[in-house]
Amino acid sequence: MAWVNQDKCAIVGVGATDYYVRGKSWPRTINDMAGEAILNACADAGISVKDIDGFAYYSTAGAGYLDKFDTASLMETLGIPHIGFSATLTSGGGGVAGAPGLAVAGLMNEDCKYVVTIMALQQLPQHRLGVVFGAAAPSPENSFLQPSGLVGPGHLMSVLARRHMHLYGTTREAFKEVVQATRANTHNRPKAVRKDPLTDEQYWGQPMLADPLCRLDFCLETDGAVAIITTTTERAKDCRHAPALIHGCTHGGQREWGRAFAWMGMPDPHFASSGHKYVADRLWEQTGLSAKDMDVALIYDHFSAMVLMQLEDYGFCEKGEANDYALAGKLRYDPATGCGVNGGVPVNTHGGNLNEAYIIGMTHVVEAVEQVRGTAINQVKDAEFALATGGPASLPVSGLVLRKA
Amino acid sequence: MTTTLTYGPARALPGEQIAITTNPDTEPFWLAAKEHRLTACQCADCGHFRMPPSPYCPECQSTAKQWPTLPGTATVFSFAICTKNPKNGEDYVYVPVVVDLDGAPGARLNANVSGCDAEDVHIGMKVAVDWTDIKDGWVLPNFRKA
Ligand SMILES: [Zn+2]
């Protein structure tokens, strides 16, 4: 049955800072960068920052591990007079695509009128995402994980990737194709961190950080901030751009995935998955659509292998067939035609976390907005529906479908 | 081409660099390890195993626990191969494994495996517990090729 809030709210503003290689944003501060992203998003929407009266976060506003900011500091910093809504999706980057749905909840409850979702991060030497689990103080729970030397998210997910290879014959060639297909979309993006074409030799020559994943299978470690503004579709008529309608938005997941790679207790087939099947099925139920109806897919790509598993969980291909799907070129965007390749849906036309920047998934939401507005740098021809995903990570993970107005 | 890389002998991470903490739910596991006894948290009402140990049985919500002595053998469920000591960045080949514990269906441990070259570790490989002394007098279960 169609979602009761379908198309009733829309993303009307997007804004960002420059993207910096990890640690290079200093002496900017986290509130400086968050403020710039919010002000840019307000300008994009055509509203005053004083119109903002809601915040819908995920990942406890700061990737869960780094310098934090919060509603109080943002209100004080930016002069926001009052708010009626401030909420966060629990867990980490898995919530990025669901945060606009949280905004919808606030808007439909008439708690607020313009809601900001923001992520800002700054990885100074004492705060690196790449080794976050290894650097954490021992806790009773992580004492069952940390001593194994699985120090960062990529190390954890290399273990999932290995299981996928074992069960389904997935190859490193498919990981390479994820990296290369999305790298091909950054050469014309001024802010992208990695813009050069990537040859086979360069990929195979990369150091293995956690076999079977090499350095380029790991996403960038980036500093920067990205904000989006959500309001009602009715109110969106007064904004500067065509609204990106929130057509479907889900977050959650099922217990078999649960704490996922923080436990490593997932049974097959969930272990070698992205943990998205439950939210994907709900998203398609909400919208009456399927993966094949998407014109573009912005797939959270903190690690190349996890893109393949999401393609399976969302139904772009059958479980276990992402290797062949990728190697058939179906992730590619063809700039000559503005369409996909070989019957595929273009993935990460902005270059994704692997190549453009890693702002904990916010760039995927921005790209989804620009695609359905028709203003994307790598515009998909006649794009009507865009999928963005958050995670894979511990629950909740999330999915978002935006529709052209 | 998918390269098959050569890493050489897999070693457990140095115990003197590893610290753990416990709470009342998890401490019996670590106290058993001090005695070189591999156990897992089992529901004393329905028999369901769960690891890491947690307050409630997810199957029947009982808080009653028992800590049976397991055979100490396991099967590699998945693994990674790493080449840098996470504490100091030095070259150091180790293999984090996720293992299914024999005698405790559904219970898994994360550990290191040694006793073979890293590139010879494979899913389905049989391993046996190997005790590593770590900080503060605690003992960590690792595994060795069986
Ligand atoms: Zn029970």
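Rules and cut-offs
- Residues numbered from 1 in each chain as written.
- Chains lettered and ligands numbered in written order.
- Predicted model: local features only at pLDDT ≥ 70, side-chain atom pairs only at ≥ 80, totals over all residues.
- Heavy atoms only, no water.
- Helix = DSSP H or I, 4+ residues; strand = E, 2+ residues; numbered from the N terminus.
- Rg over C-alpha atoms; globule rule 2.2 N^0.38 Å.
- Buried < 20%, exposed > 50% of the residue type's maximum accessible area, 1.4 Å probe, protein only.
- Contact = heavy atoms within 4.5 Å.
- Areas by Shrake-Rupley, 256 points an atom, 1.4 Å probe, with all protein chains shown as cover.
- Lys, Arg positive; Asp, Glu negative; His and termini not counted.
- Charge placed at Lys NZ, Arg CZ, Asp CG, Glu CD.
- Axes fitted to C-alpha atoms, helices over the stretch in contact; angles between N-to-C directions.
- Parallel < 35°, antiparallel > 145°, perpendicular 65-115°, else oblique.
- Nonpolar A, V, L, I, M, F, W, Y, C, P; charged D, E, K, R; others polar.
- Pairing = 2+ DSSP bridges.
- Donors = N, O, S within 2.8 Å, 3.2 Å for Na, K, Ca; no water.
- Tetrahedral: all angles 85-135°; square planar, octahedral: opposite > 155°, others 65-115°.
- pLDDT = per-residue confidence, 0-100.
- Salt bridge = Lys/Arg side-chain N within 4 Å of Asp/Glu carboxyl O.
- Buried area = accessible area lost by both parts, 1.4 Å probe.
- Polar contact = N/O pair within 3.5 Å; in protein donor to acceptor, adjacent residues only side chain to side chain.

Chain B is annotated in an unreviewed UniProt entry as Acyl dehydratase from Sphingomonas lacunae.

Chain A is annotated in an unreviewed UniProt entry as Thiolase from Sphingomonas lacunae.

With that out of the way, let us pick up the overall build of chain A. Along the backbone of chain A there are 13 helices and 14 strands. Since a compact globule built from 405 residues should have a radius of gyration of about 22 Å, the 19 Å found for chain A is in line with a globular shape. Based on the C-alpha atoms only, the size of chain A along its principal axes is roughly 55 × 50 × 40 Å. When burial is assessed residue by residue, chain A has 65% of its 405 residues classed as buried. Considering only contacts within chain A whose residues lie at least 6 apart along the sequence, 76% involve residues at least 24 apart. For chain A, the accessible area works out to roughly 13400 Å², and carbon and sulfur atoms hold 51% of it. Averaging the coordinates of the 33 positive side-chain charges in chain A and doing the same for the 42 negative ones gives two points 2 Å apart.

Another aspect to go through is the environment of B:Phe29. Tracing the backbone through its elements, the reader meets B:Phe29 in helix H1 (residues 27-34). Leave out the neighbours within four places in its chain, and B:Phe29 touches A:Phe144, B:Leu38, B:Thr39, B:Met51, B:Pro53, B:Trp67, B:Leu109 and B:Pro141.

The next thing to look at is the packing of helix H6 (residues 172-183) of chain A against helix H10 (residues 304-314) of chain A. Residues and elements named next belong to chain A. Their axes nearest at 8 Å, the elements H6 and H10 cross at an angle of 95°. Considering the angle they form, H6 stands roughly perpendicular to H10. Between H6 and H10, the contacting residues are Ala174, Phe175, Val178 and Val179 on the first element and Ser304, Ala305, Val307 and Leu308 on the second. Taken together, the residues of the contact of H6 with H10 break down into seven nonpolar, one polar and no charged.

A few words on the sheet that holds strand E2 (residues 49-50) of chain B. Residues and elements named next belong to chain B. Strands sit in the order E2-E1-E3 across an open sheet of three strands; the sheet is antiparallel. Two strands close off the open sheet at either side, each with one partner strand: E2 and strand E3 (65-66). Looking at chain direction, strand E1 (residues 41-43) and E3 are connected through two bridges and run antiparallel. Counted as the bridge partner of Cys43 is Lys65 from E3.

This paragraph deals with the coordination of the zinc ion. Angles at a metal have ideal values that depend on geometry: 109.5 degrees with four tetrahedral donors, 90 or 180 degrees with six octahedral donors. All names here are of chain B. Those protein atoms acting as donors to the zinc ion are Cys43 (SG), Cys46 (SG), Cys57 (SG) and Cys60 (SG), and they sit at 2.3 to 2.4 Å. Geometry at the zinc ion is tetrahedral, judged from the four donor atoms that bind it and their angles of 101 to 118° at the metal. Along the chain, the residues donating to the zinc ion fall in the pattern C-x2-C-x10-C-x2-C. Of the two residues, Cys43 is situated in strand E1 and Cys60 in the loop between E2 and E3; the sequence distance between them amounts to 17 residues.

What follows is about the confidence of the model for chain B. Within chain B, residue pLDDT values average 96, and 98% of them lie at 70 or more. For this predicted complex, the interface confidence comes out at an ipTM of 0.97, alongside a pTM of 0.96.

This brings us to the pattern of salt bridges. Under the definition given, this model contains 23 salt bridges over all chains. A salt bridge links A:Asp32 to A:Arg28; the nearest nitrogen and oxygen atoms lie 2.8 Å apart. Under the relative-accessibility criterion, A:Asp32 is labelled partly exposed at 33%. One salt bridge connects B:Glu59 with A:Arg255, and the closest N-O pair in it is separated by 3.4 Å. Taken as a pair, B:Glu59 in the loop between E2 and E3 and A:Arg255 in the loop between strand E9 (244-252) and helix H9 (277-287) lie in two separate chains rather than in one.

Attention now goes to the sheet that holds strand E4 (residues 73-79) of chain B. As summarised here, the arrangement of the five strands in space is E4-E7-E8-E10-E9 (chain B), forming a closed barrel in which the pairing is mixed. Neighbour-to-neighbour, the strand axes of the sheet open up by a mean angle of 55°, direction not taken into account. Pairing of E4(B) with strand E7 (residues 96-101) of chain B, which is carried by five bridges, proceeds in the antiparallel orientation. Bridge pairing links B:Thr75 to B:Asp100 in E7(B). Its contacts with the sheet put helix H5 (residues 153-168) of chain A on E4 and E7 of chain B, and the angle it makes with E4(B) is roughly 95°. Taken strand by strand, H1(B) contacts strand E8 (108-114), strand E9 (126-133) and strand E10 (139-145) of chain B, and its axis lies near 65° from that of E10(B).

The next point concerns the interface of chain B and chain A. If you look at the interface, chain B gives 39 residues, while chain A gives 34 residues. Taken over both partners, the interface formed by chain B and chain A buries close to 3100 Å², and the fraction arising from carbon and sulfur atoms is 60%. The interface formed by chain B and chain A holds one salt bridge in total. Linking chain B with chain A are 15 residue pairs in polar contact (both at pLDDT 80 or more), by the criterion used here. Breaking the side of chain B that touches chain A down by element, the ones donating at least two residues are H1, E4, strand E5 (82-84), E7 and E8 of chain B. Looking at the side of chain B that touches chain A residue by residue, the classes come out as 26 nonpolar, ten polar and three charged.

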